[in-house]
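# Close look at the chain arrangement
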Amino acid sequence: MMKSVSEATRPLGVPTLVSLNTIMIDGTGMCGGCRVQVGAETKYVCVDGPEFDGHLVDFDGMMRRQAMYEEEEARSLERYRCARRRARPGGGRGPRGGGALGSRAETRARD
Ligand code: FES
């Protein structure tokens, strides 16, 4: 969206400040996880931003970097969901995560 707004305001010459939300790891400017190209300079969102001139931000490069860990994020989310299912009464069996007794107990608790 910020890319689109910046592209819409660029031909009109409207100054456009964008706030970037990149991957951040240490938040100290040391790891480079939040690195983004702004004009001719490399910036770190955590220490140099998060606001930048939207007309200078390399949004395409930033979005490529954002997608770098999609597979790992999906695997991590699946592991998290599995752990949540196992932690439910009944050990994650059944549509609500419980066995027959667990499901009834959960139904009563909800009602
Ligand atoms: S989060 Fe590590 S350099 Fe910004």
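Residues numbered from 1 in each chain as written. Predicted model: local features only at pLDDT ≥ 70, side-chain atom pairs only at ≥ 80, totals over all residues. Heavy atoms only, no water.

The helix and strand inventory of the protein chain stands at 5 helices and 4 strands. The linear arrangement of helices and strands in the protein chain, starting from the amino end, is α-β-β-β-α-β-α-α-α. Classification of the 111 residues of the protein chain by burial places 23% in the buried group. Surface exposure of the protein chain reaches about 7800 Å², of which carbon and sulfur atoms provide 54%. (Helix = DSSP H or I, 4+ residues; strand = E, 2+ residues; numbered from the N terminus. Buried < 20%, exposed > 50% of the residue type's maximum accessible area, 1.4 Å probe, protein only. Areas by Shrake-Rupley, 256 points an atom, 1.4 Å probe, with all protein chains shown as cover.)

On to the side chain of T22. The topology assignment puts T22 in the loop between strand 1 (17-19) and strand 2 (35-38). For T22, a relative accessible area of 8% translates into the label buried.

Another aspect to go through is the pairing of strand 3 (residues 41-44). Alignment of strand 2 against strand 3, held across 4 bridges, turns out to be antiparallel. Across the sheet, residue Q37 finds its bridge partner in strand 3, namely T42. (Pairing = 2+ DSSP bridges.)

With their axes 10 Å apart at the nearest point, helix 1 (residues 2-9) and helix 3 (residues 59-66) run at an angle of 175 degrees to one another. Compared by their axis directions, helix 1 and helix 3 come out roughly antiparallel. For the pair helix 1 and helix 3, the contacting residues are M2, K3 and S6 in the first and F59, D60 and M63 in the second. In terms of residue class, the contact of helix 1 with helix 3 is made up of 3 nonpolar, 1 polar and 2 charged. (Axes fitted to C-alpha atoms, helices over the stretch in contact; angles between N-to-C directions. Parallel < 35°, antiparallel > 145°, perpendicular 65-115°, else oblique. Contact = heavy atoms within 4.5 Å. Nonpolar A, V, L, I, M, F, W, Y, C, P; charged D, E, K, R; others polar.)

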